[in-house]
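# Chain and residue survey
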Amino acid sequence: MAPSDTDGTGRAVPDFTAPGYAAILRRFLEMGYAVRDFESAQHDTRHLVLRHDIDMSVQAALEIATIESGMALQASYFILLRSDLYNPFTSENLHDIKQIAKMGHDVGLHFDASLYAAAREPLEQAVSCECAILEAMLDQPVRTISFHRPAQALLGLPGRIAGRRHTYEPYFFHDMGYCSDSRGEWRYGHPLDHPAIEEGSALQLLTHPIWWTGTDSIDRIVRLNSLRTGRDGSFADALAANCEPYRAAIADGPA
Ligand SMILES: [Zn+2]
């Protein structure tokens, strides 16, 4: 199915833009889907679970969270604690994550199991530890885990982890439909073409906010290079704020 909406001028709204994301959500609502979280979704009815794994940018997530909030919809946002790509506890990032929570979205842990030993016991301990840190920083409980780039063994893993639900449980991954925008494309089909729709069953829709910000369709590499350039600027600002000679040097301009 082609992108489903128009922007008011009769043109189709492209996927991988903020209006394109809103258009997909509107189509699901028109088809009788109700947005539910991981705690309340039922696999055999038209429930749509909106999941966002924050792999690269909290600010991109805030933009998408604001769109959903404007549509009175609540999603689940998952935060990495040990990524090289962002620190969730900088002043700006923590503020923005709290904003996302304030809008009524659920905030869970995005957990990179590759950083730990693979056996169940150390996995449980590490999840428990990261959840405790995130809970302390957010001052609210963490109820759900999503694995970052999960190994095959974690897909469909039954049972709770550190007492919490996880998004690849069989109930969310096999019993209901699953659709993801990994790598910034619909590699396994468009969500509006998913068989769950025909069956009238639930769907877990995973999107990564970095691919959906802004109104223009942007090449993935250009999008990431733009993120990188912005980060370089803020890193320079932080160096200047923390080191007077550096501040003076850049005030004088490039050598
Ligand atoms: Zn991830």
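Before reading on, note that the structure itself is shown above.
Scope of this entry: the structure provided in the associated data block. The structure displayed is predicted, hence computed values, not measured ones. (Residues numbered from 1 in each chain as written. Predicted model: local features only at pLDDT ≥ 70, side-chain atom pairs only at ≥ 80, totals over all residues. Heavy atoms only, no water.)

All right, on to the packing of helix α7 (residues 220–242) against helix α8 (residues 244–251) then. Between α7 and α8, the shortest axis-to-axis distance is 5 Å and the interhelical angle comes to 125 degrees. The orientation of α7 relative to α8 falls into the category oblique. Here α7 contributes Ala236, Leu239, Ala240, Ala241 and Asn242 to the contact with α8, which in turn contributes Glu244, Tyr246, Arg247 and Ile250. In terms of residue class, the contact of α7 with α8 is made up of six nonpolar, one polar and two charged. (Axes fitted to C-alpha atoms, helices over the stretch in contact; angles between N-to-C directions. Helix = DSSP H or I, 4+ residues; strand = E, 2+ residues; numbered from the N terminus. Parallel < 35°, antiparallel > 145°, perpendicular 65-115°, else oblique. Contact = heavy atoms within 4.5 Å. Nonpolar A, V, L, I, M, F, W, Y, C, P; charged D, E, K, R; others polar.)

Time to look at the nonpolar core. Within the largest apolar cluster, 59 residues are counted, with the highest numbers of intra-cluster contacts made by Phe28, Leu48, Leu109 and Phe111. Ignoring anything within four residues of it in the chain, the contact list for leucine 109 reads Phe78, Ile79, Leu81, Val127, Glu130, Cys131, Leu134, Val142, Thr144, Ile145 and Ser146. By size, the runner-up hydrophobic cluster in this structure holds seven residues, among which are Ala41, Phe78, Phe172 and Ala202. (Core = buried A, V, L, I, M, F, W, Y, C linked by side-chain atoms within 4.5 Å. Buried < 20%, exposed > 50% of the residue type's maximum accessible area, 1.4 Å probe, protein only.)

Moving on, we get to the environment of alanine 23. Its location among the elements puts alanine 23 in helix α1 (residues 18–30). The buried category is assigned to alanine 23, whose relative accessible area is 2%.

Let us look at the packing of helix α2 (residues 58–70) against helix α3 (residues 91–102). The geometry of α2 relative to α3 is characterised by a closest axis approach of 9 Å and an angle of 20 degrees between their N-to-C directions. In terms of orientation, α2 and α3 fall into the roughly parallel class. Here the hand of the crossing between α2 and α3 comes out left-handed. Facing Val58, Gln59, Ala61, Leu62 and Ala65 of α2, the residues of α3 in contact are Glu92, Asn93, Asp96, Ile97, Gln99 and Ile100. (Left-handed = near helix turned anticlockwise from the far one by under 90°.)

Worth remembering: the numbers are spatial, not functional.
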